Amino acid sequence: MDVYLLRHGQTVMNEQHTLQGQSNSDLNAVGIQQAQQVRQKIVERGLEFQRIYCSPLHRTVQTCRIATGKNETDFILDDRLKEVALGDLEGVRFDSLDPVLSKKFMRHPFDFVPVGDGETMQQVVDRAGAFLEELKQSENSDTVLVVSHGGTLHAILYYLLDKPQETFWLPWIDNCALIHLQINNGKWTVEEQYRDVKIPESIEKII
């Protein structure tokens, strides 16, 4: 079974270097263009998705509509695909964070202690893993699209590839990056690596 992972397009909050978490933020003009480019890539490759899983947050649904040309009623909305819940940190500019906190989150994400109603990174990995295990149980000849968020997609790859914790955020998954996976007889493989793009300057300083 072919599975394509897609991160949402750039949002207004991305542009402002603001922590989104599970807050809603619309795609900006760049994000809309990114989603349109993914749509073109999907058409050029002749991809047809029999199942489309999507985080219910607005930016992912918006990206999914543009990239697939389908309506929200065609999507399987799954809370396990939501972004990392950042609690009291949502809406805070990245460059205004306590340097110790931001370094811990980016360099040692599994040591990060959530603020307010936030999640630990292990909780995100656990829900992403539960989604993957359920998807694996439904293995057939379908081509599947999974539209989610940067943190959650990194959690998915961490779960699948058994990466060292300190490389959780590497390589960086850019907005609207498309990652091709396969499940064959219950075994996952990465068929096409996502492009390794330049990390945003605000984050590059910390990583």
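Structure shown above.
Residues numbered from 1 in each chain as written. Predicted model: local features only at pLDDT ≥ 70, side-chain atom pairs only at ≥ 80, totals over all residues. Heavy atoms only, no water.

1. Comments concerning the overall build of the chain
Then, in step 1: Scanning the chain from terminus to terminus reveals seven helices and six strands.
Then, in step 2: Since a compact globule built from 207 residues should have a radius of gyration of about 17 Å, the 16 Å found for the chain is in line with a globular shape.
Then, in step 3: Counting only C-alpha atoms, the chain reaches 45 × 35 × 30 Å along its principal axes.
Then, in step 4: Across the 207 residues in the chain, those meeting the buried criterion constitute 51%.
Then, in step 5: Nonlocal contacts in the chain, meaning residues at least 24 apart in sequence, comprise 71% of its contacts between residues at least 6 apart.
Then, in step 6: When the accessible surface of the chain is summed, it comes to about 9700 Å², and 45% of that surface belongs to carbon and sulfur atoms.
Then, in step 7: For the chain, the distance from the average site of its 21 positive side-chain charges to the average site of its 30 negative ones is 3 Å. (Helix = DSSP H or I, 4+ residues; strand = E, 2+ residues; numbered from the N terminus. Rg over C-alpha atoms; globule rule 2.2 N^0.38 Å. Buried < 20%, exposed > 50% of the residue type's maximum accessible area, 1.4 Å probe, protein only. Contact = heavy atoms within 4.5 Å. Areas by Shrake-Rupley, 256 points an atom, 1.4 Å probe, with all protein chains shown as cover. Lys, Arg positive; Asp, Glu negative; His and termini not counted. Charge placed at Lys NZ, Arg CZ, Asp CG, Glu CD.)

2. Side note on the nonpolar core
Then, in step 1: Val3, Leu5, Met121, Leu135, Val146 and Phe168 are the most contacted members of the largest nonpolar core, which totals 38 residues.
Then, in step 2: Those elements that provide at least two residues to this core are β1 (2-7), α4 (99-107), α5 (121-137), β4 (143-148), α6 (150-161) and β5 (178-184).
Then, in step 3: Not counting residues up to four positions away in its chain, the partners in contact with Val146 are Val3, Tyr4, Leu5, Leu6, Tyr53, Leu81 and Phe131.
Then, in step 4: Residues Tyr4, Phe49, Val61 and Leu145 belong to the second largest nonpolar core, which totals 17 residues. (Core = buried A, V, L, I, M, F, W, Y, C linked by side-chain atoms within 4.5 Å.)

3. A closer look at the packing of α5 against α6
Then, in step 1: With their axes 9 Å apart at the nearest point, α5 and α6 run at an angle of 70° to one another. When the axes of α5 and α6 are compared, the pair comes out roughly perpendicular. With respect to the hand of their crossing, α5 and α6 are arranged in right-handed fashion. For the pair formed by α5 and α6, the contact residues are Val124, Val125, Arg127, Ala128, Gly129, Leu132 and Glu133 on the first element and Thr152, Ala155, Ile156, Tyr158, Tyr159 and Leu160 on the second.
Then, in step 2: Its residues assigned to classes, the contact of α5 with α6 comprises nine nonpolar, two polar and two charged. (Axes fitted to C-alpha atoms, helices over the stretch in contact; angles between N-to-C directions. Parallel < 35°, antiparallel > 145°, perpendicular 65-115°, else oblique. Left-handed = near helix turned anticlockwise from the far one by under 90°. Nonpolar A, V, L, I, M, F, W, Y, C, P; charged D, E, K, R; others polar.)

4. What about the sheet that holds β1?
Then, in step 1: The six strands lie next to each other as β3-β2-β4-β1-β5-β6, forming an open sheet whose pairing is mixed. The open sheet has two edge strands with one neighbour each: β3 (76-77) and β6 (187-192).
Then, in step 2: The pairing of strand β2 (residues 51-54) with β3 spans two bridges and is classified as parallel. Within β3, the position partnered with Tyr53 by the bridge is Ile76. (Pairing = 2+ DSSP bridges.)

5. Observations concerning empty space enclosed by the protein
Then, in step 1: Summed over the entire model, instances satisfying the criterion amount to one cavity of 30 Å³ or more.
Then, in step 2: Volume-wise, the largest cavity comes out at about 60 Å³.
Then, in step 3: Around the largest cavity sit Leu19, Leu86, Leu89, Phe94, Leu97, Leu101, Ser102, Phe105 and Phe112, which together line it.
Then, in step 4: Its residues assigned to classes, the lining of the largest cavity comprises eight nonpolar, one polar and no charged. (1 Å grid on protein atoms, 1.4 Å probe; cavity = no way out; pocket = protein on both sides within 12 Å on 5 of 7 lines; lining within 4 Å. Points joined across faces, edges and corners; volume = space filled by probe spheres on them.)

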